[in-house]
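Remarks on the overall topology
Chain by chain, the residues run as shown.
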Amino acid sequence: MFNLSGIFNLKKGGKLNMSIIKTLIDNRLTKDEFYTWYNNSYRNVIDVKYDNLFNYMSSLPDINQAVNELIYALITKKVIILCVDIDHDGCASGVIGYKFLTTLFPTLTPKVRLIISSRKFKRGFNQDMIDKIESYVNKENVIPGLIITADMGSSDNQRYKLIKDTYKDIKIIVTDHHTVEEDNYPTYANAFINVQRDDFKLEKCICGCATLFFLLVSTYFKFYKIQDKDINLFKDYLPYVAAATIVDSMSMKYPINRYLVKLGLQYLNLYPDRNFSTIKKLLRLPNILRYKDIAMSIGPLINTGNRLSFEQLTLYSLTTEDDNKSLELMRKLSELSKIRKQMTNDVLQNTLNMNNIYEYKYVTVVKTISRINIAGVIANNILGMTNTPCICFLDNNSDILIGSARSIDGVNLLSIVRTLSDYIIEANGHEAAFGISIRKEKFEEFKQQLNIALQPVINNLPKSTLQAELMLSHEDLTIDTMTKIDMISPYGIDWKQPICSCVETFKIIDIFPIKNFYKLTFQLVNGLTITGMHFFKDNITSGIYSYNFMDIIKIGMRVKLFFYLTLSYYKEYSIGLEIIDIYPRHKE
């Protein structure tokens, strides 16, 4: 234990009662870990200053070579082609790349062209992108001087060779964050910035948009010869970096990601730009956007484009300078999102009917039929039901099955899948979320072998137990408590919001079933009421699930709850509970 009193202060000079935050830090970090975390992240979020950020940037592999190539292309007025991936991370990269280059170097009037492919083609720097570059060259009668990839391209070395054989003087910068084997590095690229490279020794944790952002910021500082570096110069771009970090499920245990998200959300809420303002109105989101709003609402909307092969529509809606056109396209995207949600529900139900998701103990591997590319969404949904790694393949009358994988905490599914080289054609992406392809005739054997490979890994995981990290009283269920809990936010992947419980029990005064969750109203000991939502997600140790809930839980019963404290908004902000598990005590 160590004393935090006096460290955390409000800007107005008053001191906070830090017992809650101290409990969290004592539980999560050793003293040395705390001071490393505090010095590198928390204090600097408050001060809007982060020295280690620039050290991280300058340590990126090939960053100096990439900066020099980009500055040369700008000065010599070369056409720059920015090739981006099809998902939210790629689209966010396209927005910041285009806006940054065309806005922050006004005297050079850069010529920037954006290219996005489609999920119909192989992801990465594919033949479709090469064809679009060739079409641009033929139409404009000009050869680009520089190609920059964003959020993709690490494994496409032969296509870079083809480009360089075709256009002799062209330069290529690859910016990416996906895993790639060292013997498959893009050696034909002039610079290869990827934190997954073996020679990068700092945290391998940032998203593709952040990778491109660091290249752009480094270029800006060098071009304008800025010594006193200040990340706040780029407040227009940080919200996109934050959103991409959230939606691409980057780990929040790393200070750099918590910093980028916290700062990005701060600027998003202080100075919302056209895109976020439009989306907020379309989706009827609260004025103050939080991590969950990005993850659960904005991210799925933007990803609708690549689910339904409308990637170009998504990117154009975010980058067009015509406000009316942007609004029109956003509305169209919103309508497509509703269609996608219904189609996803239909495909999920068909998948459950076609497969036994409990066939194997340590993994779930399914085949499904779908006209839209939602294998990852289906895998994620099934993972939530089985709490085991899941791979969903699309079976669309081909000899090759193409799918997406999702893993549970603590299991590097990608590395395990790659050991089964006799069964897979390709597997690329992140440790816990990646694309995969296999031959259809290998499907049954692949399932069996993957289950065998995962058995020792999963059996050696720490046993899941449900414990409250914060023990509160009913009087603590306030916005003030939520503010204190938020002090070590943002919460997300690998850095969960603390599980809470109360010393008092809760009296149930109403139960209202809504689709796949229950809304409950509780009376507190002080006579006030509070609402809780039970989604039956995970960590259920009571044995009470959605199917037997109403048989066990009754109005008038007193219960012990484990929950996340939540802040909701309807006309005004209020505190609620996201119930994790519920234990009956007695009827009154």
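Residues numbered from 1 in each chain as written. Predicted model: local features only at pLDDT ≥ 70, side-chain atom pairs only at ≥ 80, totals over all residues. Heavy atoms only, no water.

Quick look at the environment of Ile485
Where we set the bar: What counts as a helix is a DSSP run of H or I of at least four residues, what counts as a strand is a run of E of at least two, and both are numbered from the N terminus. Burial classes: relative accessible area under 20% of the type maximum marks a residue as buried, over 50% as exposed, and values in between as partly exposed (1.4 Å probe, protein chains only).
Tracing the backbone shows Ile485 in helix H18 (residues 479–485). Judged by its relative accessible area of 0%, Ile485 falls in the buried class.

Here's the deal with a nonpolar patch on the surface
As a reminder of what qualifies: A patch consists of residues exposed above 30% relative accessible area that lack any salt bridge, with like charges linked at up to 9 Å and nonpolar side chains (Val, Leu, Ile, Met, Phe, Trp, Tyr) linked at up to 5 Å. Each accessible area is a Shrake-Rupley estimate made with a 1.4 Å probe; only the visible protein chains count as cover when residues are assessed. In the sections that follow, a salt bridge refers to a side-chain nitrogen of Lys or Arg positioned within 4 Å of a carboxyl oxygen of Asp or Glu.
On the surface, a nonpolar cluster with roughly 250 Å² of combined accessible area is contributed by Ile400, Ile402 and Ile425. Mapped onto the elements, Ile400 comes out in strand S8 (residues 400–406). Of the residues examined, Ile400 reaches a relative accessible area of 31% and is grouped as partly exposed.

Observations regarding the pairing of strand S7 (residues 390–394)
What counts, and what does not: Pairing between strands is defined by DSSP: at least two bridges between the two strands are required. With strands facing away from the observer, any crossover in which the path from the first strand over the helix to the second runs clockwise is taken as right-handed.
Most of S7 is tucked away: 5 of the 5 residues are buried. Burial along S7 is two-sided: the residues Cys390, Cys392 and Leu394 and Ile391 and Phe393 are all buried. Of the pairings in the sheet, the one linking strand S6 (residues 364–368) to S7 comprises 5 bridges and is parallel in character. Within the sheet, the bridge partner assigned to Thr368 lies in S7 and is Leu394. Taken together, S6, helix H15 (residues 375–386) and S7 form a β-α-β motif whose crossover is right-handed.

Topic: unusual backbone geometry
Look at Asp62: it is not a glycine, yet its phi comes out positive at around 65 degrees. Summarising the element assignment, Asp62 is placed in the loop between helix H3 (51–59) and helix H4 (63–75). Residue classification places Asp62 among the partly exposed positions, given a relative accessible area of 31%. Of note, the phi angle at Asn141 is positive, near 55 degrees, even though the residue is not glycine. Mapping Asn141 onto the fold places it in the loop between helix H6 (127–140) and strand S3 (146–150).

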